[in-house]
Amino acid sequence: MNSRYAATEETGTLHHGERERVTAVFIISAPSGSGKSTLVAGLLDRDPSLLFSVSYTTRQPRGNERPGESYNYISREEFETRIQNHEFLEYAEVFGNYYGTGSQILEQARDEGKDVVLDIDVQGARQLKRRLPDAVTIFILAPSRDILEQRLRARSEDSEEVIQRRLRDAAEEIRNYDQYDYVLINHRVEQSVDTLSAIVKAERIRRIRMEDQVRPILDSFRARAY
Ligand code: 5GP
(Lines give C-alpha, C1' and ligand atoms only; values in the text may rest on other atoms or scores of the structure.)
Protein backbone atom coordinates (compact mmCIF):
# COMPACT_ATOMS: atom_id res chain seq x y z
CA MET A 1 0.00 0.00 0.00
CA ASN A 2 1.13 3.51 -0.70
CA SER A 3 2.53 4.91 2.55
CA ARG A 4 0.73 8.21 1.93
CA TYR A 5 -2.51 6.40 2.59
CA ALA A 6 -1.05 4.21 5.31
CA ALA A 7 0.06 7.28 7.24
CA THR A 8 -3.25 9.04 7.04
CA GLU A 9 -5.38 5.99 7.64
CA GLU A 10 -4.34 6.18 11.28
CA THR A 11 -6.39 9.33 11.53
CA GLY A 12 -9.12 7.87 9.36
CA THR A 13 -8.86 10.51 6.66
CA LEU A 14 -8.08 8.81 3.37
CA HIS A 15 -8.61 5.34 2.04
CA HIS A 16 -6.90 3.83 -0.91
CA GLY A 17 -9.11 3.79 -3.98
CA GLU A 18 -11.68 6.30 -2.80
CA ARG A 19 -12.33 9.31 -4.97
CA GLU A 20 -11.31 11.66 -2.23
CA ARG A 21 -9.47 14.85 -2.84
CA VAL A 22 -5.90 14.38 -1.57
CA THR A 23 -5.04 17.01 1.01
CA ALA A 24 -1.76 18.77 0.27
CA VAL A 25 0.40 19.33 3.35
CA PHE A 26 2.89 22.22 3.32
CA ILE A 27 5.56 22.18 6.02
CA ILE A 28 7.43 25.44 6.50
CA SER A 29 10.54 25.71 8.70
CA ALA A 30 13.01 28.51 9.33
CA PRO A 31 15.33 29.81 12.02
CA SER A 32 13.72 32.61 14.04
CA GLY A 33 14.20 36.05 12.46
CA SER A 34 13.95 34.70 8.91
CA GLY A 35 10.55 36.30 8.48
CA LYS A 36 8.66 33.03 8.47
CA SER A 37 5.61 34.18 10.46
CA THR A 38 5.12 37.23 8.19
CA LEU A 39 5.40 35.08 5.07
CA VAL A 40 3.02 32.42 6.39
CA ALA A 41 0.51 35.13 7.35
CA GLY A 42 0.82 36.64 3.85
CA LEU A 43 0.33 33.26 2.22
CA LEU A 44 -2.77 32.48 4.31
CA ASP A 45 -4.25 35.91 3.55
CA ARG A 46 -3.96 35.29 -0.16
CA ASP A 47 -5.25 31.76 -0.20
CA PRO A 48 -8.47 31.02 1.69
CA SER A 49 -8.26 27.33 0.86
CA LEU A 50 -5.25 26.92 3.13
CA LEU A 51 -5.80 25.85 6.72
CA PHE A 52 -3.13 26.80 9.28
CA SER A 53 -2.35 24.10 11.80
CA VAL A 54 -2.43 25.72 15.24
CA SER A 55 0.13 23.78 17.28
CA TYR A 56 0.04 22.84 20.94
CA THR A 57 2.85 24.21 23.10
CA THR A 58 3.92 24.29 26.74
CA ARG A 59 5.56 27.72 26.37
CA GLN A 60 3.90 30.87 27.69
CA PRO A 61 2.07 33.22 25.29
CA ARG A 62 4.23 36.14 24.05
CA GLY A 63 3.26 39.74 23.26
CA ASN A 64 -0.11 39.87 21.53
CA GLU A 65 -0.40 36.14 20.86
CA ARG A 66 -3.87 34.82 21.48
CA PRO A 67 -4.72 31.28 22.64
CA GLY A 68 -6.19 29.21 19.83
CA GLU A 69 -4.76 31.53 17.14
CA SER A 70 -0.99 31.37 17.46
CA TYR A 71 -0.94 28.25 19.62
CA ASN A 72 -3.03 26.18 21.97
CA TYR A 73 -1.22 26.70 25.29
CA ILE A 74 -1.25 23.67 27.57
CA SER A 75 0.70 22.44 30.61
CA ARG A 76 3.60 19.97 30.39
CA GLU A 77 1.44 17.44 32.18
CA GLU A 78 -1.37 17.76 29.64
CA PHE A 79 1.11 17.62 26.77
CA GLU A 80 2.61 14.37 28.11
CA THR A 81 -0.86 12.85 28.53
CA ARG A 82 -1.60 13.74 24.90
CA ILE A 83 1.68 12.09 23.81
CA GLN A 84 0.64 8.91 25.61
CA ASN A 85 -2.78 9.04 23.95
CA HIS A 86 -1.16 9.42 20.49
CA GLU A 87 -2.86 12.74 19.93
CA PHE A 88 0.05 14.24 17.97
CA LEU A 89 0.98 13.77 14.35
CA GLU A 90 4.47 14.86 15.43
CA TYR A 91 5.98 16.66 18.39
CA ALA A 92 9.38 17.93 19.48
CA GLU A 93 11.12 19.70 22.32
CA VAL A 94 12.36 23.12 21.14
CA PHE A 95 14.18 25.60 23.42
CA GLY A 96 13.06 23.58 26.49
CA ASN A 97 9.37 23.54 25.59
CA TYR A 98 7.19 20.98 23.89
CA TYR A 99 5.56 21.79 20.55
CA GLY A 100 3.23 19.44 18.71
CA THR A 101 0.82 19.14 15.78
CA GLY A 102 -2.62 17.81 16.72
CA SER A 103 -3.51 14.70 14.77
CA GLN A 104 -7.04 15.99 13.97
CA ILE A 105 -5.67 18.53 11.47
CA LEU A 106 -5.78 16.22 8.43
CA GLU A 107 -9.36 15.24 9.10
CA GLN A 108 -10.35 18.88 9.59
CA ALA A 109 -8.65 19.84 6.30
CA ARG A 110 -10.38 16.99 4.48
CA ASP A 111 -13.77 17.98 5.90
CA GLU A 112 -13.25 21.64 4.93
CA GLY A 113 -11.77 20.75 1.50
CA LYS A 114 -8.60 22.65 2.34
CA ASP A 115 -4.85 22.11 2.24
CA VAL A 116 -2.74 22.40 5.37
CA VAL A 117 0.13 24.71 6.30
CA LEU A 118 2.35 23.78 9.22
CA ASP A 119 4.97 26.04 10.78
CA ILE A 120 7.17 23.52 12.57
CA ASP A 121 10.84 23.00 13.37
CA VAL A 122 13.30 20.73 11.56
CA GLN A 123 12.75 17.79 13.93
CA GLY A 124 9.00 17.93 13.40
CA ALA A 125 9.43 18.28 9.64
CA ARG A 126 11.60 15.16 9.59
CA GLN A 127 9.03 13.13 11.58
CA LEU A 128 6.13 14.27 9.43
CA LYS A 129 7.89 13.67 6.13
CA ARG A 130 8.41 10.07 7.28
CA ARG A 131 4.70 9.66 8.04
CA LEU A 132 3.47 11.70 5.06
CA PRO A 133 6.03 11.30 2.27
CA ASP A 134 3.98 13.48 -0.10
CA ALA A 135 4.12 16.45 2.27
CA VAL A 136 5.84 19.42 0.66
CA THR A 137 8.68 20.88 2.74
CA ILE A 138 9.90 24.46 2.43
CA PHE A 139 12.89 25.96 4.24
CA ILE A 140 13.11 29.75 4.58
CA LEU A 141 16.50 31.45 4.93
CA ALA A 142 17.52 35.05 5.62
CA PRO A 143 19.94 36.23 2.89
CA SER A 144 22.92 36.26 5.30
CA ARG A 145 23.91 36.00 8.94
CA ASP A 146 24.31 39.80 9.14
CA ILE A 147 20.82 40.38 7.78
CA LEU A 148 19.40 37.80 10.19
CA GLU A 149 21.12 39.62 13.07
CA GLN A 150 19.76 43.00 11.88
CA ARG A 151 16.25 41.56 11.68
CA LEU A 152 16.46 40.02 15.14
CA ARG A 153 17.62 43.38 16.55
CA ALA A 154 15.02 45.37 14.59
CA ARG A 155 12.11 43.49 16.11
CA SER A 156 13.58 44.41 19.55
CA GLU A 157 11.71 41.58 21.23
CA ASP A 158 14.74 39.86 22.69
CA SER A 159 17.62 40.55 25.07
CA GLU A 160 21.21 40.48 23.78
CA GLU A 161 21.64 37.02 25.31
CA VAL A 162 18.56 35.69 23.50
CA ILE A 163 19.69 37.26 20.20
CA GLN A 164 23.05 35.53 20.50
CA ARG A 165 21.34 32.22 21.29
CA ARG A 166 18.98 32.57 18.33
CA LEU A 167 21.97 33.22 16.04
CA ARG A 168 23.73 30.09 17.33
CA ASP A 169 20.53 28.05 16.94
CA ALA A 170 20.09 29.42 13.41
CA ALA A 171 23.58 28.24 12.45
CA GLU A 172 22.58 24.77 13.67
CA GLU A 173 19.13 24.70 11.99
CA ILE A 174 20.41 25.99 8.67
CA ARG A 175 22.53 22.87 8.27
CA ASN A 176 19.31 20.92 7.78
CA TYR A 177 18.21 22.87 4.70
CA ASP A 178 19.16 19.94 2.45
CA GLN A 179 16.31 17.80 3.86
CA TYR A 180 13.76 20.16 2.31
CA ASP A 181 12.09 20.12 -1.11
CA TYR A 182 12.24 23.91 -1.56
CA VAL A 183 14.59 26.58 -0.21
CA LEU A 184 13.31 30.15 -0.20
CA ILE A 185 15.75 33.00 0.45
CA ASN A 186 13.68 35.78 1.94
CA HIS A 187 15.00 39.01 0.36
CA ARG A 188 11.70 40.90 0.16
CA VAL A 189 8.41 39.96 1.79
CA GLU A 190 6.10 40.57 -1.19
CA GLN A 191 8.32 38.64 -3.55
CA SER A 192 8.69 35.76 -1.09
CA VAL A 193 4.92 35.52 -0.58
CA ASP A 194 4.55 35.38 -4.39
CA THR A 195 7.04 32.52 -4.48
CA LEU A 196 5.29 30.64 -1.69
CA SER A 197 1.95 31.03 -3.50
CA ALA A 198 3.56 29.73 -6.68
CA ILE A 199 4.84 26.63 -4.85
CA VAL A 200 1.35 25.99 -3.44
CA LYS A 201 -0.27 26.38 -6.86
CA ALA A 202 2.22 24.11 -8.61
CA GLU A 203 2.06 21.42 -5.93
CA ARG A 204 -1.75 21.38 -6.12
CA ILE A 205 -1.68 20.21 -9.70
CA ARG A 206 0.72 17.34 -9.13
CA ARG A 207 -0.90 14.28 -10.69
CA ILE A 208 -1.44 12.48 -7.38
CA ARG A 209 -3.52 15.42 -6.16
CA MET A 210 -5.54 15.67 -9.37
CA GLU A 211 -6.96 12.13 -9.59
CA ASP A 212 -10.39 13.10 -8.27
CA GLN A 213 -10.69 15.86 -10.89
CA VAL A 214 -9.23 13.83 -13.75
CA ARG A 215 -11.46 10.78 -13.26
CA PRO A 216 -14.76 12.43 -14.26
CA ILE A 217 -13.04 13.83 -17.34
CA LEU A 218 -11.80 10.37 -18.31
CA ASP A 219 -15.27 8.96 -17.58
CA SER A 220 -16.84 11.53 -19.89
CA PHE A 221 -14.66 10.20 -22.71
CA ARG A 222 -15.35 6.58 -21.80
CA ALA A 223 -19.09 7.21 -21.89
CA ARG A 224 -18.85 7.90 -25.63
CA ALA A 225 -18.20 4.93 -27.84
CA TYR A 226 -15.91 5.98 -30.64
P1 5GP B 1 8.21 29.96 18.80
O2 5GP B 1 8.28 29.64 20.27
O3 5GP B 1 9.22 31.00 18.41
O4 5GP B 1 6.80 30.32 18.37
O5 5GP B 1 8.58 28.63 17.99
C6 5GP B 1 9.78 27.99 18.20
C7 5GP B 1 9.97 26.90 17.16
O8 5GP B 1 9.00 25.87 17.34
C9 5GP B 1 9.79 27.38 15.71
O10 5GP B 1 10.87 26.84 14.95
C11 5GP B 1 8.50 26.76 15.28
O12 5GP B 1 8.48 26.47 13.89
C13 5GP B 1 8.50 25.49 16.09
N14 5GP B 1 7.15 24.90 16.22
C15 5GP B 1 5.97 25.53 16.36
N16 5GP B 1 4.96 24.65 16.43
C17 5GP B 1 5.52 23.42 16.31
C18 5GP B 1 4.98 22.08 16.27
O19 5GP B 1 3.78 21.83 16.36
N20 5GP B 1 5.87 21.07 16.12
C21 5GP B 1 7.23 21.30 16.02
N22 5GP B 1 8.01 20.22 15.85
N23 5GP B 1 7.76 22.53 16.04
C24 5GP B 1 6.92 23.58 16.18
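Preceding block: the structure.
A quick note: this is a predicted structure, and the numbers were derived from the prediction, not measured.

S.K.: I would appreciate a short explanation of the packing of helix α2 (residues 36-46) against helix α8 (residues 189-204) in the present structure.
M.R.: Helix-helix packing is characterised by the crossing angle of the two axes and by the distance between the axes. Between α2 and α8, the least distance of the axes is 9 Å, while the angle of their chain directions is 55°. Of the possible angle classes, the one that applies to α2 and α8 is oblique. Viewed along their axes, α2 and α8 form a crossing whose handedness is right-handed. Taken together, the residues of α8 that come into contact with α2 (itself represented by Thr 38, Leu 39, Gly 42, Leu 43 and Arg 46) are Val 189, Glu 190, Ser 192, Val 193, Asp 194, Leu 196, Ser 197 and Val 200. When grouped by side-chain class, the residues that make up the contact of α2 with α8 number six nonpolar, four polar and three charged.

S.K.: Mind showing me how you'd approach the site of the ligand here?
M.R.: The immediate surroundings of the ligand are formed by 16 residues, with Ser 55, Arg 59, Tyr 71, Tyr 99 and Asp 119 found nearest. The separation between an oxygen atom of the ligand and a polar side-chain atom of Arg 62 is 3.0 Å. The separation between an oxygen atom of the ligand and a polar main-chain atom of Gly 100 is 3.2 Å. Put simply, the parts of the chain that give the shell around the ligand at least two residues each are β5 (88-94) and β6 (97-102).

S.K.: Sorry, what's going on with the side chain of Ser 192 here?
M.R.: Of note, Ser 192 is situated in helix α8. Polar side-chain contacts of Ser 192 include one of 2.8 Å to the side chain of Asn 186. Ignoring sequence-local partners within four residues, the contact set of Ser 192 consists of Leu 39, Leu 184, Ile 185, Asn 186 and His 187.

S.K.: Explain a nonpolar patch on the surface to me, please; I cannot follow it from the model alone.
M.R.: A surface patch of nonpolar side chains, about 260 Å² in accessible area, is lined by Tyr 177, Val 183 and Ile 185. Along the chain, Tyr 177 turns up in the loop between α7 (160-174) and β9 (182-185). On the accessibility criterion, Tyr 177 (42% relative accessible area) is partly exposed.

S.K.: Looking at this structure, I do not really get the nonpolar core. What am I missing?
M.R.: Proteins that are soluble and globular tend to have nonpolar side chains buried together. In this structure, Val 25, Ile 27, Ile 105, Leu 106, Leu 118, Leu 128 and Leu 132 are the most contacted members of the largest nonpolar core, which totals 18 residues. For this core, the secondary-structure elements that each account for two or more residues are β1 (25-29), α4 (105-112), β7 (115-119), α5 (122-131) and β8 (136-141). Excluding residues that lie within four positions of it along the chain, Leu 128 makes contacts with Ile 27, Leu 89, Glu 90, Leu 118 and Ile 120. Counting 17 residues, the second-largest nonpolar core is a separate cluster that includes Ala 24, Leu 50, Leu 196 and Val 200.

S.K.: Just to check I follow, could you spell out α7 for this structure?
M.R.: Because the α-helix completes a turn every 3.6 residues, residues three or four places apart line up on one side. Over its 15 residues, α7 runs 21 Å from end to end, which matches the ideal 21 Å to within 8%, given 1.5 Å per residue. By the burial criterion, the buried members of α7 are Ile 163, Arg 166, Leu 167, Ala 170 and Glu 173. Around the axis of α7, the buried residues are gathered within 130° of arc, so they sit on the same side. Exposed side chains of α7 directed beyond 90 degrees from the buried face belong to Glu 161 and Arg 168.

What counts and what doesn't
- Residues numbered from 1 in each chain as written.
- Predicted model: local features only at pLDDT ≥ 70, side-chain atom pairs only at ≥ 80, totals over all residues.
- Heavy atoms only, no water.
- Axes fitted to C-alpha atoms, helices over the stretch in contact; angles between N-to-C directions.
- Helix = DSSP H or I, 4+ residues; strand = E, 2+ residues; numbered from the N terminus.
- Parallel < 35°, antiparallel > 145°, perpendicular 65-115°, else oblique.
- Left-handed = near helix turned anticlockwise from the far one by under 90°.
- Contact = heavy atoms within 4.5 Å.
- Nonpolar A, V, L, I, M, F, W, Y, C, P; charged D, E, K, R; others polar.
- Near = heavy atom within 4 Å.
- Polar contact = N/O pair within 3.5 Å; in protein donor to acceptor, adjacent residues only side chain to side chain.
- Patch = residues over 30% accessible without salt bridge, like charges linked within 9 Å, V, L, I, M, F, W, Y side chains within 5 Å.
- Areas by Shrake-Rupley, 256 points an atom, 1.4 Å probe, with all protein chains shown as cover.
- Salt bridge = Lys/Arg side-chain N within 4 Å of Asp/Glu carboxyl O.
- Buried < 20%, exposed > 50% of the residue type's maximum accessible area, 1.4 Å probe, protein only.
- Core = buried A, V, L, I, M, F, W, Y, C linked by side-chain atoms within 4.5 Å.
- Expected span 1.5 Å × (residues − 1).
- Arc of directions from axis to C-beta.

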